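# Report on the structure
Read off the chains here:
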Amino acid sequence: MKSWNRLTASMRTRLLISYLAVCVAGIAVLFITVRLTAPSFFDHHVAGMGAMFGPGGNMMSEQGINLDNAVTRSLNEGFLVAILIALPLGIIASFFVAGEIARPLKRLASASQRIAQGQYDQRVPVGAPGELGELAASFNAMASALEQTEQRRMDLIGDVAHELRTPVTVLGGYIEGLADGVFAPSPETWGKLKEETSRLSRLVEDLQELSRAEAGQLTFALASVPPEAAINAAVARLAAELLPEGLALQTEVPSDLPPVQADPDRLDQVLTNLLTNAVRYTPPPGTVTLSARRQGEKVAFSVRDTGIGIASSDLPNIFERFYRADRSRSRSSGGSGVGLTIAKALAEAMGGSLSASSEGSGKGSTFTLLLPAAR
Ligand code: ADP
C-alpha cells in the first residue's frame, strides 16, 4: 500500500494515469456512441435501398436481421482490433510525454535540495521555451542571486574579521602590558586605549550604516537643497576640526545654480566624507577645493585635492568596502575603510551617482557627486 501511494504520488505516474483515463474515456465514448447509433443509421440507409430487397423492401425480413447481426459483429470486432492497437500505443505515448514533463520538474526539485544544503552553484538546463523553460530560467536567476548574497556574506565576515584584528590586538597588547607593569597607567596609555576603542566603535557604526544602506533600509527625507548652503555647512564642519597647517580649503560655487533634490543630512554626510578623505590624503602643502556646477538636469559637486592621487589600477576598486590603495597603510589614519562605499550607496539612493578620477599617483584626485536638480 505504501509503495503504491509512493508510486501514485510521482508526477510521472499521475500524468500517465490521467492520460490513460482520457484514452479509456475516449474509447468508451466512441464505442457507446457508434454502438447506439450505427444500427439505426444502417437500418435507415438499407430502407432507403428498399428496392434491392424486392417488392415492399421489408427490412424485418430474415436476411435483414442477419445483415444487422453481421454489421454489429463486424463493428465489435473492428472495435476490439482498434482498442488492441490504440491502447498500447496510447500507453507508450503517455509514458514519453509524462516523462518529458516530469523530468525538468524532478531536476528542479533535486537542484533546490542541493541549494538548501548550501551548494549555491546549482543550475538547471533551461530547455525549450514555455512555462517549464520560464520556471527553469527563474530558478537559475534565484540561484545566482542567492549565490551572490552568500558570497557577499562570506566576504563581509572575512573583511570584518580582518579589520577588527588590528584594534583588538593593539587593545589586548596594552591591557597585557598594563597588567604586567610594562606600561604605566599614564594618561598617554589611557589615551591610546580610548583611541583604539573609538576606532572599534566607529567601525561598528559604519558597518551598521553600510548594511542598512545595502539592504535599502535607510530613510531619506528628500528636500530642495541650495548647493551653496550644503557646501558651506560641510566646509564649516571641517574647518571647525583641525585643518593641518599648509593645507588650504577653498570653494567655487556659481550663484545661479538650481537647488538639488537631496536629503540635507545625507548630502552633508557624503560631502563631509569626501572632504575628510581629501584632507587625509593630501600632505601639506596642498589645496582642497569644493565646487559645484550645473551639468544638464543635474548639479555636480566636486571635491578636488592636490594630494597623493590614485593609480589607475586602483580607481575602479576604491568604492569597494575595505579597499585601500596603499595596502601597507594601517587604519591609524582614522578611516574605517567603508566611507566611500557608504557615500556611493547614499548618492545612488538619492537618485545620483558618485565617481572618482585621478591623473595618477602624486597628481591629486577629484571626486564628483552628481545629484538631480530639484523640480
Ligand atoms: P579609508 O579612507 O578609511 O581607507 P574610504 O572608503 O574612505 O576608506 O577610501 C577608500 C580608499 O580610497 C582609501 O583607502 C584610499 O586608498 C582611496 N582614497 C579615498 N579618497 C582619496 C583621496 N582623496 N585621495 C587619494 N586616495 C583616496
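Placed above this text is the structure.
Structure report, in brief. (Residues numbered from 1 in each chain as written. Predicted model: local features only at pLDDT ≥ 70, side-chain atom pairs only at ≥ 80, totals over all residues. Heavy atoms only, no water.)

## Here's the deal with the overall build of the protein chain
The helix and strand inventory of the protein chain stands at 8 helices and 7 strands. Its C-alpha atoms give the protein chain a radius of gyration of 41 Å, more than 25% over the compact-globule value 21 Å for 375 residues. Summarising its shape, the C-alpha atoms of the protein chain cover approximately 135 × 65 × 35 Å along the three principal directions. Put simply, the protein chain has 375 residues, and 32% of those count as buried. Of the contacts formed within the protein chain by residues at least 6 apart in sequence, a portion of 70% connects residues at least 24 apart. In the form shown here, the protein chain has an accessible surface area of approximately 22500 Å², with 61% of it arising from carbon and sulfur atoms. (Helix = DSSP H or I, 4+ residues; strand = E, 2+ residues; numbered from the N terminus. Rg over C-alpha atoms; globule rule 2.2 N^0.38 Å. Buried < 20%, exposed > 50% of the residue type's maximum accessible area, 1.4 Å probe, protein only. Contact = heavy atoms within 4.5 Å. Areas by Shrake-Rupley, 256 points an atom, 1.4 Å probe, with all protein chains shown as cover.)

## Quick notes on helix α2 (residues 11–48)
Taking 1.5 Å of rise per residue, 38 residues should cover 56 Å, and α2 covers 54 Å from first to last C-alpha, within 8% of that figure. Those residues of α2 that sit buried are Thr13, Leu15, Leu16, Ile27, Ala38 and Val46. (Expected span 1.5 Å × (residues − 1).)

## Brief notes about the packing of helix α5 (residues 187–214) against helix α8 (residues 339–349)
In the contact formed by α5 and α8, the axes pass within 10 Å of each other and the chain directions differ by 30°. Considering how the two elements wind past one another, α5 and α8 form a crossing that is left-handed. Across from Asp206, Glu209, Leu210, Ala213 and Glu214 in α5, the residues of α8 making contact are Thr341, Ile342 and Ala345. For the contact of α5 with α8, the class distribution of residues is 4 nonpolar, 1 polar and 3 charged. (Axes fitted to C-alpha atoms, helices over the stretch in contact; angles between N-to-C directions. Left-handed = near helix turned anticlockwise from the far one by under 90°. Nonpolar A, V, L, I, M, F, W, Y, C, P; charged D, E, K, R; others polar.)

## Overview of the site of the ligand
The environment of the ligand is made up of 22 residues, and the closest members are Asn277, Tyr281, Asp305, Gly337 and Leu340. In this structure, asparagine 277 approaches the ligand through a side-chain N or O atom, which is 2.8 Å from an oxygen atom. Contacts to the ligand include glycine 337, whose backbone N or O atom sits 2.9 Å from an oxygen atom. Notes on the ligand: free accessible area 530 Å², of which the protein chains cover 98%. Among the elements of the structure, α7 (264–280), α8 and β7 (365–372) are those that each provide at least two residues to the shell around the ligand. Broken down by element, the residue count for the shell around the ligand peaks at 3 residues, all from α7. Class assignment of the residues belonging to the shell around the ligand gives a composition of 10 nonpolar, 7 polar and 5 charged. (Near = heavy atom within 4 Å. Polar contact = N/O pair within 3.5 Å; in protein donor to acceptor, adjacent residues only side chain to side chain.)

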